[in-house]
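Inside the fold
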Amino acid sequence: RSLVVVHFWAPWAPQCAQMNEVMVALAKEHTQVTFIKLEAEAVPEVSEKYEISSVPTFLFFKNSQKVDRLDGAHAPELTKKVQRHASSSSVSAGSNDSAKEDLNARLKKLINAAPCMLFMKGSPKEPRCGFSRQIVEILNKHGISFSSFDIFSDEEVRQGLKTYSNWPTYPQLYVAGELIGGLDIVKELEASGELDTICPKAQKLEDRLKTLINKAPVMLFMKGSKQVAKCGFSKQIIEIMNNTGVDYETFDILEDEEVRQGLKTYSNWPTYPQLYVKGELVGGLDIIKELRESGELLPVLKGEN
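Residues numbered from 1 in each chain as written. Predicted model: local features only at pLDDT ≥ 70, side-chain atom pairs only at ≥ 80, totals over all residues. Heavy atoms only, no water.

What follows deals with the packing of helix H5 (residues 130-141) against helix H7 (residues 183-192). The contact between H5 and H7 brings their axes to 10 Å, and the two run at 25°. Relative to H7, H5 is oriented roughly parallel. Handedness of the H5/H7 crossing: left-handed. Contacts between H5 and H7 involve Phe 131, Gln 134, Ile 135, Ile 138 and Lys 141 on the former and, on the latter, Leu 183, Val 186, Lys 187 and Glu 190. Broken down by class, the residue content of the contact of H5 with H7 amounts to five nonpolar, one polar and three charged. (Axes fitted to C-alpha atoms, helices over the stretch in contact; angles between N-to-C directions. Helix = DSSP H or I, 4+ residues; strand = E, 2+ residues; numbered from the N terminus. Parallel < 35°, antiparallel > 145°, perpendicular 65-115°, else oblique. Left-handed = near helix turned anticlockwise from the far one by under 90°. Contact = heavy atoms within 4.5 Å. Nonpolar A, V, L, I, M, F, W, Y, C, P; charged D, E, K, R; others polar.)

Structure (C-alpha coordinates):
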(Lines give C-alpha, C1' and ligand atoms only; values in the text may rest on other atoms or scores of the structure.)
Protein backbone atom coordinates (compact mmCIF):
# COMPACT_ATOMS: atom_id res chain seq x y z
CA ARG A 1 0.00 0.00 0.00
CA SER A 2 2.99 2.28 0.34
CA LEU A 3 4.43 4.40 -2.44
CA VAL A 4 6.89 2.89 -4.94
CA VAL A 5 9.04 5.21 -7.09
CA VAL A 6 10.70 3.64 -10.14
CA HIS A 7 13.58 5.47 -11.84
CA PHE A 8 14.09 4.50 -15.49
CA TRP A 9 17.72 5.39 -16.10
CA ALA A 10 20.69 4.79 -18.39
CA PRO A 11 24.37 4.48 -17.37
CA TRP A 12 25.47 6.77 -20.21
CA ALA A 13 23.30 9.72 -19.07
CA PRO A 14 25.03 11.99 -16.48
CA GLN A 15 21.68 13.53 -15.45
CA CYS A 16 20.54 10.04 -14.36
CA ALA A 17 23.52 9.75 -12.01
CA GLN A 18 22.60 13.13 -10.48
CA MET A 19 18.99 12.02 -9.98
CA ASN A 20 20.17 8.75 -8.39
CA GLU A 21 21.88 10.87 -5.73
CA VAL A 22 18.64 12.79 -5.21
CA MET A 23 16.81 9.47 -4.79
CA VAL A 24 19.33 8.29 -2.15
CA ALA A 25 18.68 11.49 -0.18
CA LEU A 26 14.90 11.10 -0.53
CA ALA A 27 15.08 7.44 0.56
CA LYS A 28 16.72 8.52 3.83
CA GLU A 29 14.00 11.09 4.42
CA HIS A 30 11.04 8.89 3.40
CA THR A 31 11.78 5.46 4.86
CA GLN A 32 8.24 4.24 4.11
CA VAL A 33 8.74 4.82 0.35
CA THR A 34 10.34 2.16 -1.86
CA PHE A 35 12.78 3.51 -4.49
CA ILE A 36 13.77 1.28 -7.43
CA LYS A 37 16.20 1.81 -10.33
CA LEU A 38 15.50 0.18 -13.69
CA GLU A 39 17.91 0.43 -16.59
CA ALA A 40 15.48 1.45 -19.35
CA GLU A 41 17.33 -0.22 -22.24
CA ALA A 42 17.76 -3.48 -20.29
CA VAL A 43 13.97 -3.92 -19.96
CA PRO A 44 12.65 -2.76 -23.36
CA GLU A 45 9.24 -4.42 -22.96
CA VAL A 46 8.66 -2.57 -19.65
CA SER A 47 9.92 0.72 -21.08
CA GLU A 48 7.62 0.31 -24.08
CA LYS A 49 4.61 -0.53 -21.91
CA TYR A 50 5.06 2.64 -19.86
CA GLU A 51 6.00 4.86 -22.86
CA ILE A 52 9.51 5.62 -21.58
CA SER A 53 10.90 7.71 -24.44
CA SER A 54 13.73 9.47 -22.55
CA VAL A 55 15.77 9.17 -19.38
CA PRO A 56 15.53 9.95 -16.57
CA THR A 57 11.82 9.17 -16.16
CA PHE A 58 10.15 8.46 -12.81
CA LEU A 59 6.95 6.45 -12.35
CA PHE A 60 4.99 6.48 -9.10
CA PHE A 61 2.96 3.41 -8.07
CA LYS A 62 0.48 2.96 -5.25
CA ASN A 63 -1.50 -0.26 -4.63
CA SER A 64 0.10 -1.63 -7.83
CA GLN A 65 -1.48 1.24 -9.81
CA LYS A 66 0.52 3.95 -11.60
CA VAL A 67 -0.51 7.26 -10.03
CA ASP A 68 2.00 9.76 -11.39
CA ARG A 69 4.95 10.34 -13.69
CA LEU A 70 7.85 12.75 -14.03
CA ASP A 71 9.93 13.09 -17.21
CA GLY A 72 13.37 14.69 -16.97
CA ALA A 73 15.95 15.62 -14.33
CA HIS A 74 13.83 17.92 -12.14
CA ALA A 75 15.02 17.38 -8.56
CA PRO A 76 12.64 19.93 -6.92
CA GLU A 77 9.66 18.47 -8.80
CA LEU A 78 10.65 14.90 -7.85
CA THR A 79 10.95 15.92 -4.20
CA LYS A 80 7.56 17.64 -4.32
CA LYS A 81 5.84 14.63 -5.91
CA VAL A 82 7.39 12.16 -3.46
CA GLN A 83 6.29 14.32 -0.51
CA ARG A 84 2.77 14.70 -1.91
CA HIS A 85 2.23 11.01 -2.65
CA ALA A 86 3.98 9.79 0.51
CA SER A 87 1.74 11.95 2.70
CA SER A 88 -1.42 10.91 0.84
CA SER A 89 -0.44 7.22 1.32
CA SER A 90 -1.05 7.57 5.03
CA VAL A 91 -4.55 9.00 4.49
CA SER A 92 -7.33 6.48 5.03
CA ALA A 93 -9.15 4.88 2.10
CA GLY A 94 -12.34 6.66 3.17
CA SER A 95 -11.02 9.83 1.50
CA ASN A 96 -11.23 8.30 -2.01
CA ASP A 97 -14.56 9.95 -2.82
CA SER A 98 -13.38 13.39 -1.77
CA ALA A 99 -10.13 12.86 -3.72
CA LYS A 100 -12.21 12.08 -6.81
CA GLU A 101 -14.27 15.23 -6.25
CA ASP A 102 -11.07 17.28 -5.86
CA LEU A 103 -9.68 15.83 -9.10
CA ASN A 104 -12.88 16.57 -11.02
CA ALA A 105 -12.88 20.15 -9.73
CA ARG A 106 -9.23 20.48 -10.81
CA LEU A 107 -9.95 19.04 -14.27
CA LYS A 108 -12.89 21.42 -14.73
CA LYS A 109 -10.65 24.34 -13.78
CA LEU A 110 -7.93 23.23 -16.23
CA ILE A 111 -10.42 22.71 -19.08
CA ASN A 112 -11.73 26.24 -18.52
CA ALA A 113 -8.27 27.79 -18.01
CA ALA A 114 -8.46 29.35 -21.50
CA PRO A 115 -11.19 29.73 -24.17
CA CYS A 116 -9.36 27.05 -26.19
CA MET A 117 -7.42 24.36 -24.25
CA LEU A 118 -5.32 21.58 -25.76
CA PHE A 119 -4.29 18.61 -23.63
CA MET A 120 -1.31 17.09 -25.40
CA LYS A 121 1.93 15.16 -25.03
CA GLY A 122 4.65 17.76 -24.64
CA SER A 123 4.27 21.46 -25.44
CA PRO A 124 3.41 23.40 -28.64
CA LYS A 125 7.13 24.17 -29.08
CA GLU A 126 8.16 20.57 -28.34
CA PRO A 127 5.36 18.09 -29.07
CA ARG A 128 6.23 14.60 -27.89
CA CYS A 129 4.09 12.53 -30.23
CA GLY A 130 3.07 12.75 -33.89
CA PHE A 131 -0.63 13.34 -33.18
CA SER A 132 0.13 16.23 -30.82
CA ARG A 133 2.51 17.74 -33.37
CA GLN A 134 -0.11 17.54 -36.15
CA ILE A 135 -2.88 19.15 -34.09
CA VAL A 136 -0.55 22.01 -33.04
CA GLU A 137 0.38 22.59 -36.72
CA ILE A 138 -3.32 22.76 -37.71
CA LEU A 139 -4.22 25.20 -34.91
CA ASN A 140 -1.22 27.42 -35.70
CA LYS A 141 -1.96 27.33 -39.43
CA HIS A 142 -5.45 28.69 -38.74
CA GLY A 143 -4.17 31.38 -36.36
CA ILE A 144 -6.12 29.89 -33.46
CA SER A 145 -5.37 31.16 -29.98
CA PHE A 146 -4.95 28.26 -27.55
CA SER A 147 -3.32 27.28 -24.28
CA SER A 148 -1.97 23.80 -23.64
CA PHE A 149 -1.37 21.31 -20.85
CA ASP A 150 1.35 18.66 -21.01
CA ILE A 151 -0.28 15.44 -19.80
CA PHE A 152 3.19 13.93 -19.26
CA SER A 153 3.67 16.46 -16.45
CA ASP A 154 0.81 15.10 -14.35
CA GLU A 155 -0.22 11.44 -14.33
CA GLU A 156 -3.32 12.18 -12.23
CA VAL A 157 -4.64 14.57 -14.91
CA ARG A 158 -3.56 12.24 -17.71
CA GLN A 159 -5.61 9.30 -16.37
CA GLY A 160 -8.43 11.34 -14.80
CA LEU A 161 -9.27 13.33 -17.92
CA LYS A 162 -9.86 10.15 -19.94
CA THR A 163 -12.64 9.19 -17.51
CA TYR A 164 -13.92 12.74 -17.01
CA SER A 165 -14.33 13.38 -20.74
CA ASN A 166 -15.04 9.76 -21.70
CA TRP A 167 -12.35 10.13 -24.37
CA PRO A 168 -9.55 7.53 -24.10
CA THR A 169 -6.74 9.12 -26.13
CA TYR A 170 -4.68 12.30 -26.50
CA PRO A 171 -4.52 15.00 -27.75
CA GLN A 172 -7.89 16.39 -26.60
CA LEU A 173 -9.15 19.84 -27.64
CA TYR A 174 -11.66 21.84 -25.57
CA VAL A 175 -13.42 25.09 -26.51
CA ALA A 176 -15.32 27.07 -23.85
CA GLY A 177 -15.04 24.09 -21.51
CA GLU A 178 -16.59 21.64 -24.00
CA LEU A 179 -14.72 18.71 -25.54
CA ILE A 180 -14.32 19.07 -29.32
CA GLY A 181 -12.33 15.85 -29.81
CA GLY A 182 -8.94 14.58 -30.91
CA LEU A 183 -6.83 14.89 -34.05
CA ASP A 184 -9.29 13.11 -36.39
CA ILE A 185 -12.19 15.37 -35.35
CA VAL A 186 -10.03 18.49 -35.75
CA LYS A 187 -8.99 17.31 -39.23
CA GLU A 188 -12.66 16.81 -40.17
CA LEU A 189 -13.56 20.28 -38.85
CA GLU A 190 -10.67 21.76 -40.85
CA ALA A 191 -11.82 20.00 -44.02
CA SER A 192 -15.43 21.22 -43.59
CA GLY A 193 -14.33 24.79 -42.78
CA GLU A 194 -15.95 24.67 -39.34
CA LEU A 195 -12.71 24.88 -37.38
CA ASP A 196 -12.38 28.63 -37.98
CA THR A 197 -15.89 29.27 -36.65
CA ILE A 198 -15.55 27.04 -33.57
CA CYS A 199 -12.12 28.07 -32.25
CA PRO A 200 -11.16 31.59 -31.12
CA LYS A 201 -8.69 33.34 -33.38
CA ALA A 202 -5.43 34.70 -32.02
CA GLN A 203 -5.72 38.46 -31.86
CA LYS A 204 -2.99 40.18 -33.85
CA LEU A 205 -0.64 42.21 -31.67
CA GLU A 206 -1.49 45.46 -33.45
CA ASP A 207 -5.22 44.90 -32.88
CA ARG A 208 -4.55 44.01 -29.26
CA LEU A 209 -2.51 47.18 -28.71
CA LYS A 210 -5.27 49.31 -30.30
CA THR A 211 -7.83 47.70 -27.98
CA LEU A 212 -5.65 48.32 -24.90
CA ILE A 213 -4.88 51.94 -25.85
CA ASN A 214 -8.60 52.62 -26.26
CA LYS A 215 -9.67 50.67 -23.16
CA ALA A 216 -10.28 53.97 -21.32
CA PRO A 217 -10.30 57.64 -22.43
CA VAL A 218 -7.03 58.12 -20.51
CA MET A 219 -4.65 55.13 -20.48
CA LEU A 220 -1.25 55.02 -18.80
CA PHE A 221 1.23 52.27 -19.70
CA MET A 222 3.68 52.06 -16.82
CA LYS A 223 5.84 49.81 -14.66
CA GLY A 224 3.57 48.65 -11.85
CA SER A 225 0.12 49.99 -11.00
CA LYS A 226 -1.59 53.04 -9.48
CA GLN A 227 -1.16 51.42 -6.06
CA VAL A 228 2.46 50.25 -6.48
CA ALA A 229 4.66 52.02 -9.04
CA LYS A 230 7.75 49.95 -9.86
CA CYS A 231 10.09 52.67 -11.14
CA GLY A 232 10.81 56.29 -10.29
CA PHE A 233 9.41 57.70 -13.55
CA SER A 234 6.14 55.76 -13.15
CA LYS A 235 5.88 56.94 -9.53
CA GLN A 236 6.30 60.58 -10.57
CA ILE A 237 3.73 60.41 -13.37
CA ILE A 238 1.20 58.72 -11.04
CA GLU A 239 1.60 61.60 -8.53
CA ILE A 240 1.02 64.16 -11.30
CA MET A 241 -2.01 62.28 -12.67
CA ASN A 242 -3.57 61.87 -9.21
CA ASN A 243 -3.28 65.61 -8.62
CA THR A 244 -5.32 66.38 -11.76
CA GLY A 245 -8.41 64.56 -10.46
CA VAL A 246 -8.96 63.03 -13.93
CA ASP A 247 -9.99 59.37 -14.11
CA TYR A 248 -7.46 57.12 -15.80
CA GLU A 249 -6.59 53.44 -16.12
CA THR A 250 -3.17 51.81 -16.06
CA PHE A 251 -1.53 48.81 -17.69
CA ASP A 252 1.50 47.15 -16.09
CA ILE A 253 3.98 46.50 -18.92
CA LEU A 254 6.07 44.29 -16.59
CA GLU A 255 3.23 41.75 -16.69
CA ASP A 256 3.23 41.36 -20.48
CA GLU A 257 6.48 41.26 -22.46
CA GLU A 258 4.64 41.17 -25.81
CA VAL A 259 2.86 44.47 -25.05
CA ARG A 260 5.99 45.96 -23.49
CA GLN A 261 8.09 45.46 -26.65
CA GLY A 262 5.28 45.84 -29.19
CA LEU A 263 4.03 49.20 -27.92
CA LYS A 264 7.49 50.77 -28.32
CA THR A 265 7.38 49.99 -32.04
CA TYR A 266 3.66 50.73 -32.45
CA SER A 267 3.93 54.19 -30.87
CA ASN A 268 7.50 54.85 -32.01
CA TRP A 269 8.26 55.82 -28.41
CA PRO A 270 11.12 53.80 -26.86
CA THR A 271 10.55 54.32 -23.12
CA TYR A 272 7.94 54.04 -20.37
CA PRO A 273 5.70 55.40 -18.97
CA GLN A 274 3.51 56.29 -21.99
CA LEU A 275 0.26 58.24 -21.67
CA TYR A 276 -2.59 58.01 -24.19
CA VAL A 277 -5.73 60.14 -24.43
CA LYS A 278 -8.57 58.92 -26.63
CA GLY A 279 -6.22 56.48 -28.35
CA GLU A 280 -3.56 59.10 -29.14
CA LEU A 281 -0.07 59.15 -27.61
CA VAL A 282 0.58 62.23 -25.49
CA GLY A 283 4.08 61.23 -24.37
CA GLY A 284 6.17 60.24 -21.37
CA LEU A 285 7.08 61.86 -18.06
CA ASP A 286 9.00 64.84 -19.54
CA ILE A 287 6.11 65.80 -21.84
CA ILE A 288 3.60 65.48 -18.97
CA LYS A 289 5.80 67.73 -16.80
CA GLU A 290 5.99 70.34 -19.60
CA LEU A 291 2.22 70.26 -20.07
CA ARG A 292 1.73 70.71 -16.32
CA GLU A 293 4.12 73.68 -16.25
CA SER A 294 2.33 75.35 -19.16
CA GLY A 295 -1.12 74.69 -17.71
CA GLU A 296 -2.12 72.57 -20.71
CA LEU A 297 -2.22 69.20 -18.95
CA LEU A 298 -5.84 69.30 -17.76
CA PRO A 299 -7.30 70.35 -21.15
CA VAL A 300 -5.22 67.62 -22.85
CA LEU A 301 -6.41 64.95 -20.40
CA LYS A 302 -10.02 66.04 -20.92
CA GLY A 303 -9.51 65.78 -24.67
CA GLU A 304 -10.08 69.50 -25.18
CA ASN A 305 -6.69 70.11 -26.73
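From this point, the narrative continues.
Let us now look at the packing of aromatic side chains. A full pass over the atoms with the stated rule returns five aromatic pairs. Each ring, one from Phe 221 and one from Tyr 276, has its centre 5.5 Å from the other, and the planes form 80°; the classification is edge-to-face. Of this pair, Phe 221 sits in strand S9 (residues 218-222) while Tyr 276 sits in strand S11 (residues 274-277); the two residues are 55 residues apart in sequence, bridging distant segments of the chain. The exposure class of Phe 221 is buried, given its relative accessible area of 0%. Here the aromatic cluster, defined as three or more aromatic residues joined through ring pairs, consists of Phe 119, Phe 149 and Tyr 174. Residue placement shows Lys 226 over the ring face of Tyr 248; its charged tip is 4.3 Å from the ring centre. (Phe/Tyr/Trp six-rings, centres within 6.5 Å; stacked < 30°, edge-to-face > 60°. Buried < 20%, exposed > 50% of the residue type's maximum accessible area, 1.4 Å probe, protein only. Lys NZ or Arg CZ within 6 Å of the ring centre and 35° of its normal.)

With that settled, consider the pattern of salt bridges. Throughout the structure, instances matching the rule amount to 19 salt bridges. Residue Glu 257 pairs with Arg 260 through a salt bridge whose shortest N-O separation is 3.9 Å. Separated by three residues within a single helix, Glu 257 and Arg 260 lie in helix H11 (residues 257-267), roughly one turn from each other. What makes Glu 257 partly exposed here is its relative accessible area of 45%. Given a relative accessible area of 22%, Arg 260 falls into the partly exposed group. (Salt bridge = Lys/Arg side-chain N within 4 Å of Asp/Glu carboxyl O.)

Domains assigned within the chain are domain 1 (3-87), domain 2 (97-198) and domain 3 (206-302). Once you take the C-alpha centre of each, domain 1 and domain 3 turn out to be 51 Å apart. (Domains from an automatic or database assignment.)

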